[in-house]
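Next come the chains, spelled out residue by residue.
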Amino acid sequence: MFWTLFIGLGALWGSVMMFFAPDGSLLRMDGLLPYFKVLPLSNLLYQNYIFSGIALLLINGIPNLVAFYLLLKKKKKGVVLGGILGVTLMLWITIQFVIFPANILSQSYFVFGLIQALTGYMAYVFLSQESMNIRIEDYPNIGRNGKNLVVFFSRLGYTRQVAYEEASRLGGDMLEIKAKERTDGTLGFWWCGRFGMHSWPMKIEKIDTIIEDYDSITICSPVWVFGPSAPIREFLTEYKGKIKKMRVIITHFQFYSMKSVIRQMEEIAGIEAEEKRSIGTRLGRVREEYTI
């Protein structure tokens, strides 16, 4: 939202200045008009800044303000449009690199466009994750076998879906780990990243389930910064030595198995996993299982 508003208002202001002073004097760009001669139809379009102002308004101004409005209304189109406009700004600035001498303004706006494109991509990923609709009634076998327990922590939905599928396959009971820290939304992503960077455990809510009653425990955890999620790290630490048999499933955004994360979980729990699975999950729909 910041980048669409910042760039949109900046483009609007720049285009208005070009309309008020077509020679570019208000923007102190009057000395740059000769550089436009390298562009097609320069004799027709670039004798002043009127056409440049119209292009700036239609390409970078109005579309970014529309994207800001759509984001304000929490519309998916705003996320997609905002990311595309970041790429558009980089292409716009690339033209400036070709025709203008090196200058800090063009370089800065190229970086702004890159950041807007990256944040747009991140917002699209988050939106895709948060749009996952998981219903427990779609997994009818859950709870039919009282000997197995599936323990999971899921910040957005990937790991929850995997855990439900596994519990339905085994007929096991479910136990969702709840963290006492904020983990949801974009702010939760950054806060959880702090725990992941330091490999800190995260305090979890009280568990009433008697873990020792189960013959086998399946632990499902997302990967945080090349390690298990902090709530699962806390769970494994708290119940070290109390798990009879353990299965492990990790979910992650990477394109390889990340088996080192499973080894970390085994070391924390003090027991080797009998079954180990690594599942790459991306954009709320892509799933790929890797060999351990």
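Right, let's walk through the structure included here. These numbers were taken from a predicted model, which means no experiment stands behind them.

In this section: the packing of helix α3 (residues 50-72) against helix α4 (residues 76-99). Geometry of a packed helix pair, given as the angle between the helix axes and the separation of the axes. Running from N to C, α3 and α4 cross one another at 155°; their axes reach a closest spacing of 8 Å. Put simply, α3 runs roughly antiparallel to α4. The hand of the α3/α4 crossing is left-handed. Each of S52, A55, L56, I59, N60, P63, N64, V66, A67, L70 and L71 in α3 lies in contact with α4, whose residues at this interface are K77, G78, V79, L81, G82, L85, T88, L89 and W92.

Looking now at unusual backbone geometry. Even without a glycine there, the phi angle at K74 is positive, about 60°. In this fold, K74 is placed in the loop between α3 and α4. The backbone of F226 sits at a positive phi, close to 65°, despite the residue not being glycine. By the element assignment, F226 lies in the loop between β3 (216-222) and α8 (230-238).

Quick look at the nonpolar core now. By size, the foremost hydrophobic cluster in this structure holds 34 residues, and its most contacted members are I177, I219, F235, L236 and M246. Secondary structure elements with two or more residues in this core: β1 (148-152), α7 (185-198), β3, α8, β4 (246-252) and α9 (259-269). The greatest single-element share of this core, amounting to five residues, is contributed by α9. Aside from chain neighbours lying at most four places away, what touches F235 is V151, L175, I177, I204, I207, I211, I219 and I243. Formed by 13 residues, the second largest nonpolar core is a distinct cluster that contains M17, M18, M29 and I99.

Contact pair helix α5 (residues 104-130) / α7: the axes reach a minimum separation of 11 Å and the direction vectors enclose 105°. Regarding the angle of α5 to α7, the classification is roughly perpendicular. Taken together, the residues of α7 that come into contact with α5 (itself represented by M122, F126 and E130) are G185, T186, F189 and W190. In terms of residue class, the contact of α5 with α7 is built from four nonpolar, two polar and one charged.

With respect to the helices and strands, F195 occurs in helix α7. With 34 residues separating them along the chain, F195 and S229 place their C-alpha atoms 8.4 Å apart. Once you skip the residues sitting within four places of it in the chain, F195 turns out to touch E181, W200, P201, M202, W224 and A230.

Bringing the pairing of strand β5 (residues 275-282) into the picture now. A large share of β5 lies buried, amounting to six of its eight residues. In the sheet, β4 pairs with β5 via six bridges, with the strands oriented parallel. Bridging from a neighbouring strand, I249 pairs with R277 of β5. The parallel pair β4 and β5 is bridged by α9, and the resulting crossover is right-handed.

Turning our eyes to something else, we now look at the pattern of salt bridges. Within this structure, the stated rule accounts for eleven salt bridges. A salt bridge links E165 to R287, with the shortest nitrogen-to-oxygen separation between them at 2.7 Å. Within this pair, whereas E165 is found in helix α6 (residues 158-170), its partner R287 is found in strand β6 (residues 286-290), the two being separated by 122 residues in sequence. For E165, a relative accessible area of 30% corresponds to the partly exposed category. Residue class for R287 comes out partly exposed when judged on its relative accessible area of 37%. In this structure, the salt-bridge partner of E166 is R277, at a minimum N-O distance of 2.9 Å. Linking E166 in helix α6 with R277 in strand β5, this pair joins segments that are 111 residues apart in sequence. Here the residues in one salt-bridge network are E166, R169, R247, E275, R277 and E289, joined through shared partners.

Bringing the environment of I207 into the picture now. Take I207: it is sitting in the loop between α7 and β3. Relative accessible area serves as the criterion here: at 16%, I207 is assigned to the buried category. Distance in space between the C-alpha atoms of I207 and G157 is 21 Å, their sequence separation being 50 residues. The residues touching I207, leaving out its near neighbours within four places in the chain, are L175, I177, F235 and Y239.

Conventions we followed
Residues numbered from 1 in each chain as written. Predicted model: local features only at pLDDT ≥ 70, side-chain atom pairs only at ≥ 80, totals over all residues. Heavy atoms only, no water. Axes fitted to C-alpha atoms, helices over the stretch in contact; angles between N-to-C directions. Helix = DSSP H or I, 4+ residues; strand = E, 2+ residues; numbered from the N terminus. Parallel < 35°, antiparallel > 145°, perpendicular 65-115°, else oblique. Left-handed = near helix turned anticlockwise from the far one by under 90°. Contact = heavy atoms within 4.5 Å. Core = buried A, V, L, I, M, F, W, Y, C linked by side-chain atoms within 4.5 Å. Buried < 20%, exposed > 50% of the residue type's maximum accessible area, 1.4 Å probe, protein only. Nonpolar A, V, L, I, M, F, W, Y, C, P; charged D, E, K, R; others polar. Pairing = 2+ DSSP bridges. Right-handed = clockwise from strand over helix to strand, strands pointing away. Salt bridge = Lys/Arg side-chain N within 4 Å of Asp/Glu carboxyl O.

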